[in-house]
Amino acid sequence: QSCHRPGGQRASQEPGGRGLPEGVEYIPTRKKGKNPMKPVGVAWYSLYARTRLGYLFYQRQVKKARERYPHGHSVPQPYCFPGVKILPIPVLSNNYSYLVIDTGSSQAAVIDPSDPLAIEAAIEEEGVMLEAIFCTHKHWDHSGGNEALCQKHSSCRVYGSALDAIPQLTNPLTDREKVSVGCLTFEALATPGHTVGHMVYVLDGAPFGSPPCLFSGDLLFLAGCGRPFEGSPETMLASLDVVVGLGDDTLLWPGHEYALECLTFASLLELDNSALEEKLQWAVQQRQEKRSTCPSTLGEEQTYNPFLRTHRPELQEALGLWQGSGEDPDAFRARVLKEVRRRKDLYQAT
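From a predicted model like this one, the values you see are computed outputs, not experimental measurements.

K.L.:
Describe the overall build of the protein chain, listing the residues and the values that go with them.
P.N.:
For the protein chain, the count of helices and strands is 11 helices and 15 strands. When burial is assessed residue by residue, the protein chain has 54% of its 350 residues classed as buried. Across the protein chain, the fraction of contacts at a sequence separation of at least 24, relative to all contacts at a separation of at least 6, is 64%. Surface summary for the protein chain: the accessible area is close to 14,800 Å², and the carbon and sulfur share equals 52%.

K.L.:
Could you give an account of the pattern of salt bridges, naming the residues involved and the relevant values?
P.N.:
Using the criterion set out here, one finds 20 salt bridges in the structure. The salt bridge involving E339 is made with R343; its shortest N-O contact spans 2.8 Å. A residue pair is termed a helical-turn pair when its members lie 3 or 4 positions apart in one helix, as E339 and R343 do in helix α11 (residues 329-349) at four residues. Owing to a relative accessible area of 27%, R343 belongs among the partly exposed residues under this scheme.

K.L.:
Explain the packing of helix α7 (residues 259-269) against helix α8 (residues 274-288) to me, and be specific about the residues and the numbers.
P.N.:
Closest axis-to-axis distance for the α7/α8 pair is 10 Å, and the angle between their directions is 150°. Judged by the inter-axis angle, α7 sits roughly antiparallel to α8. When you trace α7 past α8, the crossing you get is left-handed. In this structure, α7 uses L260, L263, T264, A266 and S267 to contact α8, whose residues at the interface are L276, K279, L280, A283, V284 and R287. Residue composition of the contact of α7 with α8, grouped by class: seven nonpolar, two polar and two charged.

K.L.:
Give a detailed account of the pairing of strand β9 (residues 184-190), specifying residues and quantitative values.
P.N.:
As judged from the four bridges shared by strand β8 (residues 178-181) and β9, these two strands associate in the antiparallel manner. Directly across from V181, in β9, lies its bridge partner L184. The loop that links β8 with its antiparallel partner β9 comprises two residues; one of these, G182, has a positive phi angle of about 60°. Relative to strand β10 (residues 199-203), β9 is paired through five bridges, and the arrangement is antiparallel. Opposite L189, over in β10, you have V200 as the bridge partner.

K.L.:
I'd love a proper account of the sheet that holds β8, names of residues and values included.
P.N.:
Ordered in space as β8-β9-β10-β11-β14-β15, the six strands form an open sheet in which the pairing is mixed. Only two strands of the sheet have a single neighbouring strand rather than two, namely β8 and β15 (296-297).

K.L.:
Describe helix α3 (residues 116-126), naming the residues involved and giving the relevant values.
P.N.:
Quick reminder: α-helices carry 3.6 residues per turn. Residues three or four places apart thus point the same way. Looking only at α3, the buried set comprises P116, I119, E120, A122 and I123. An end-on view of α3 places all buried positions within 160° of arc, on one side of the element. Opposite the buried face of α3, by more than 90 degrees, sit the exposed residues L117, E124 and E125. At the N-terminal boundary of α3, the capping side chain belongs to D115, with an oxygen 3.0 Å from the backbone nitrogen of L117.

K.L.:
Residues and numbers for a positive patch on the surface, please.
P.N.:
Where like charges cluster on the molecular surface, the positive patch consists of R60, K64, R68 and K290. Mapped onto the fold, R60 is located in helix α2 (residues 52-68). According to the relative accessible area criterion, R60 is partly exposed, its value standing at 48%.

K.L.:
Please give an account of a nonpolar patch on the surface that cites residues and values.
P.N.:
Together, L47, L53 and L56 line one region of the surface with nonpolar side chains, adding up to about 240 Å² of accessible area. Looking at the element boundaries, L53 is found in helix α2.

K.L.:
So what's going on with the packing of aromatic side chains? Which residues, and what values?
P.N.:
All told, the structure shown has 17 aromatic pairs when counted by the stated rule. Here Y55 and Y58 contribute two aromatic rings whose centre-to-centre distance is 5.7 Å and whose plane-to-plane angle is 35°, an arrangement assigned as tilted. Linking Y55 with Y58, this pair stays in helix α2, spanning three residues, or about one helical turn. In this structure Y55 comes out as buried when scored by relative accessible area, which is 19%. For Y58, a relative accessible area of 3% gives the class buried. Three or more aromatic residues link up through ring pairs in this structure, and these residues are Y79, Y96, Y98, F215 and W253. When the ring centre of W282 is taken as origin, the NZ or CZ atom of K279, which lies over that ring, is 4.1 Å away.

K.L.:
Any chance you could break down the pairing of strand β4 (residues 107-111) for me, citing the residues and the numbers?
P.N.:
Along β4, four of the five residues are buried, which leaves the element largely enclosed by surrounding structure. As defined by bridge partners, strand β3 (residues 95-102) adjoins β4 across five bridges and the pair is classed as antiparallel. Following the sheet pairing, I101 is matched in β4 by A108. Turn length for the β3-β4 hairpin, with the two strands adjacent in sequence and antiparallel, is four residues, and the turn residue S106 shows positive phi of about 60°.

Conventions and cut-offs
- Residues numbered from 1 in each chain as written.
- Predicted model: local features only at pLDDT ≥ 70, side-chain atom pairs only at ≥ 80, totals over all residues.
- Heavy atoms only, no water.
- Helix = DSSP H or I, 4+ residues; strand = E, 2+ residues; numbered from the N terminus.
- Buried < 20%, exposed > 50% of the residue type's maximum accessible area, 1.4 Å probe, protein only.
- Contact = heavy atoms within 4.5 Å.
- Areas by Shrake-Rupley, 256 points an atom, 1.4 Å probe, with all protein chains shown as cover.
- Salt bridge = Lys/Arg side-chain N within 4 Å of Asp/Glu carboxyl O.
- Axes fitted to C-alpha atoms, helices over the stretch in contact; angles between N-to-C directions.
- Parallel < 35°, antiparallel > 145°, perpendicular 65-115°, else oblique.
- Left-handed = near helix turned anticlockwise from the far one by under 90°.
- Nonpolar A, V, L, I, M, F, W, Y, C, P; charged D, E, K, R; others polar.
- Pairing = 2+ DSSP bridges.
- Arc of directions from axis to C-beta.
- Polar contact = N/O pair within 3.5 Å; in protein donor to acceptor, adjacent residues only side chain to side chain.
- Patch = residues over 30% accessible without salt bridge, like charges linked within 9 Å, V, L, I, M, F, W, Y side chains within 5 Å.
- Lys, Arg positive; Asp, Glu negative; His and termini not counted.
- Charge placed at Lys NZ, Arg CZ, Asp CG, Glu CD.
- Phe/Tyr/Trp six-rings, centres within 6.5 Å; stacked < 30°, edge-to-face > 60°.
- Lys NZ or Arg CZ within 6 Å of the ring centre and 35° of its normal.

See the structure below:
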């Protein structure tokens, strides 16, 4: 596979009118009723996240996805910098795992290994040694491959938060702790909300002349944000603020291919956002060709992702929300975030 060297991402078409381009059919990134994280209640989430029934459901997901997408749900495009290669691995029906390789030593780390067979195939094709697994959180679609990969690679360590019940966890991490894999340095950031122990991982790009790379799990997607199953809007807002602080040039590598759904929803909130229209046009073409939409940049995301625009008057006005007299600015932003999340959940459910 050839490597894509990151540059400015621009839409392949000039933005047109509202909605999708004429003659373009909307292709959903996931089938209705097939996502375990639909708003179906606390009881189902507890079963999925905390019992063996969740693991059995995950195994069924893996089996069906292997049958339906024998080559993955998307066409991945490796990204290369001098000394490092990032390989997105499409797994399940819309997840991404990532194989990150120190090309000098052929040592590698994987982020969120959902399907161990897909990960192992990539490891063998690249001819690398798996030294580390970084799990953003405990959900099976992000950690279900840990056991099989650890059995295959005896020296591999599993990193993540001790606050989440991550399978085969060997090295619990704390906020801002750093881990080296060959010449690669990853920093773990505590970002609770989706789960109580959710973490994201930031690859330091400076030694390679590249921007930082954020592997965001289910905290942040292209134009979207994970549901706060185990946190308040205030907690989720604080976690989003942490990653925004990484800088505009930071590359975002999310845990799911949700771009079309999220961009289409966002376009219903901000009707006159030209950056959003342009990105939607670009994403439509990418997905029609089954191409991955990652990475974006955090600078881009702040121009069209409603979950990162809670401070923007145009979004607040579109939601019919105004800051109360004497209301703390962050408390108001959390209220805006809560309303965006409520509308997104209703949009998903329809």
